[in-house]
Amino acid sequence: MPHLHLRKLGLFGAAAAAAVGLVLYLGCSAQSGVAPASSQVSSTAQSPAIATHFSAAVGRPVPPAQPTLFAGTSAPRLPLEAGGHLAHTHTVRDFFDYFLTAQDDLPAAAVDQLVRQAIAAQLDGTAAAAEAVAVWQRYTAYRTALDQLPPSAGVTADNASNKPDFDALQLALEQHATLANRLMGAWSEVFFGDEMERSRTDLARLRIASDPSLSEAEKTARLTALDATLPPAQRAARERIQQQQASIAAIAQLQQHNASPDAIRAQVTQTLGADAAQRVVQMQQDEQAWQGKYTDYTAQRGQIDKLNLSPQDHDNQVTQLRQQFFPNPGDAMRAASLDQGSGH
């Protein structure tokens with residue numbers, strides 16, 4: 001995936017966040033169409049064969065067997081409107097993107113089969129079933145065409161001046177929009193409308209923030225004026241993001257100095273409210289507890305390492321130990337990923 005070197009650009013404040021959003025859209029989505037799967041999922045996890053099961057009693061399909069990485073989760077429900085037709089909402093894309101997180105573990109044909117089976121399991125007997133399959137075919141065609149676009153040199157910002165080529169970024173953005181309109185039709189706005197608008201705004205912010213002819217005060221004034229032109233919902237969303245980023249930065253600073261949970265709670269309460277503060281503290285406590293459990297697990301795994309077992313017996317015992325410590329499949333996969341990263 002292409003990367004934009006933000007430190008080299010010398011962007012400030014919200015403009016840096018804008019760069020991240022724009023480049024993730026033009027870079028990451030151009031490669032896959034979805035955000036990357038969590039790094040906590042082991043890339044070597046073996047996915048089971050996908051089978052379709054049918055209920056003899058009612059003759060309707062039931063949900064297919066899920067790959068391991070979906071353990072403990074479920075796909076979003078496809079929305080319906082009056083008459084049993086598929087509702088034109090972003091949830092439809094969320095449904096497809098849920099299954100596309102398996103694209104690194106499954107061949108394209110298997111992902112396609114999984115999506116079609118899930119559509120049948122949710123919508124069998126409704127007009128929306130065929131409509132959802134048709135939208136999935138459009139989305140697949142769009143993603144395939146997107147992958148075939150030449151990479152934009154403007155995304156990498158690796159030119160001699162270490163500045164992004166804004167015209168190349170603009171061209172790439174418009175290519176994406178044209179492709180979406182041509183292949184997705186009316187669904188283009190539903191799937192990508194908000195995302196496209198945010199990207200255009202982010203590009204405008206980048207142009208302002210990187211303009212050497214402007215003073216810092218002039219940049220701030222122009223960025224403020226740009227924000228004032230945004231729709232109320234988008235402006236409110238940007239303000240929430242800015243508050244969250246400031247809070248996250250403050251929390252990171254406190255954690256680096258080993259601040260107490262009470263100090264972290266006070267900081268988050270000030271910016272995001274008491275409920276969010278309690279959740280952050282609880283997450284920190286849960287993470288500390290998990291890390292403590294992983295430390296105990298690695299100590300016992302080390303004892304297994306000393307037994308000079310055959311590779312198969314060794315792996316079997318480690319797997320059993322991991323399941324004892326981490327009965328939740330997601331926690332077990334995270335531990336397995338950490339094991340792999342440490343050479344086990």
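Residues numbered from 1 in each chain as written. Predicted model: local features only at pLDDT ≥ 70, side-chain atom pairs only at ≥ 80, totals over all residues. Heavy atoms only, no water.

Quick look at helix α5 (residues 127–147) now. One turn of an α-helix holds 3.6 residues; hence residues three or four places apart share an orientation. With 21 residues, α5 ought to run about 30 Å at 1.5 Å a step, and its terminal C-alpha atoms sit 31 Å apart, in line with that. Among all positions in α5, only Ala 128, Ala 129, Ala 132, Val 133, Val 135, Trp 136, Tyr 139, Tyr 142, Arg 143, Ala 145 and Leu 146 are buried. (Helix = DSSP H or I, 4+ residues; strand = E, 2+ residues; numbered from the N terminus. Expected span 1.5 Å × (residues − 1). Buried < 20%, exposed > 50% of the residue type's maximum accessible area, 1.4 Å probe, protein only.)

Attention now moves to the nonpolar core. Formed by 39 residues in total, the largest nonpolar core has its most connected members in Phe 95, Phe 96, Phe 99, Ile 119, Tyr 139 and Phe 191. Mapped onto this core, the elements with two or more residues apiece are α3 (91–100), α4 (108–123), α5, α7 (166–184) and α8 (187–209). No other element matches α5, which puts 10 residues into this core. (Core = buried A, V, L, I, M, F, W, Y, C linked by side-chain atoms within 4.5 Å.)

So, about the pattern of salt bridges. Applying the stated criterion across every chain yields a total of 11 salt bridges. Between Arg 116 and Asp 112 there is a salt bridge, and its shortest N-O distance comes to 2.9 Å. With a gap of 4 residues between them, Arg 116 and Asp 112 both fall in helix α4, about one helical turn apart. Arg 116 gets classed as partly exposed once you look at its relative accessible area, which sits at 32%. Here Asp 167 makes a salt bridge to Arg 207, at a shortest N to O gap of 3.5 Å. One end of the pair, Asp 167, is in helix α7; the other, Arg 207, is in helix α8, with 40 residues separating them in the sequence. By relative accessible area, Arg 207 is classed as partly exposed at 34%. In the salt-bridge network here, residues are joined through shared partners; they are Arg 93, Asp 97 and Glu 195. (Salt bridge = Lys/Arg side-chain N within 4 Å of Asp/Glu carboxyl O.)

A word on the packing of aromatic side chains. Taken as a whole, this structure holds 17 aromatic pairs when the rule is applied. Plain terms: the ring middles of Phe 95 and Phe 96 are 5.6 Å apart, the flat faces sit at 70° to each other, and that makes the pair edge-to-face. The exposure class assigned to Phe 96 is buried, which follows from its relative accessible area of 0%. Through a chain of ring-to-ring contacts, the aromatic side chains of Phe 95, Phe 96, Tyr 98, Phe 99, Trp 136, Tyr 139, Tyr 142, Trp 187, Phe 191 and Phe 192 assemble into a single cluster. (Phe/Tyr/Trp six-rings, centres within 6.5 Å; stacked < 30°, edge-to-face > 60°.)

Here the focus is the packing of α3 against α8. Packing of α3 against α8 leaves a shortest axis separation of 9 Å and a crossing angle of 85°. It follows that α3 is roughly perpendicular to α8 by the angle criterion. Residues Val 92, Arg 93 and Phe 96 of α3 form the contact with α8, whose own contacting residues are Trp 187, Phe 191, Phe 192 and Glu 195. Its residues assigned to classes, the contact of α3 with α8 shows 5 nonpolar, no polar and 2 charged. (Axes fitted to C-alpha atoms, helices over the stretch in contact; angles between N-to-C directions. Parallel < 35°, antiparallel > 145°, perpendicular 65-115°, else oblique. Contact = heavy atoms within 4.5 Å. Nonpolar A, V, L, I, M, F, W, Y, C, P; charged D, E, K, R; others polar.)

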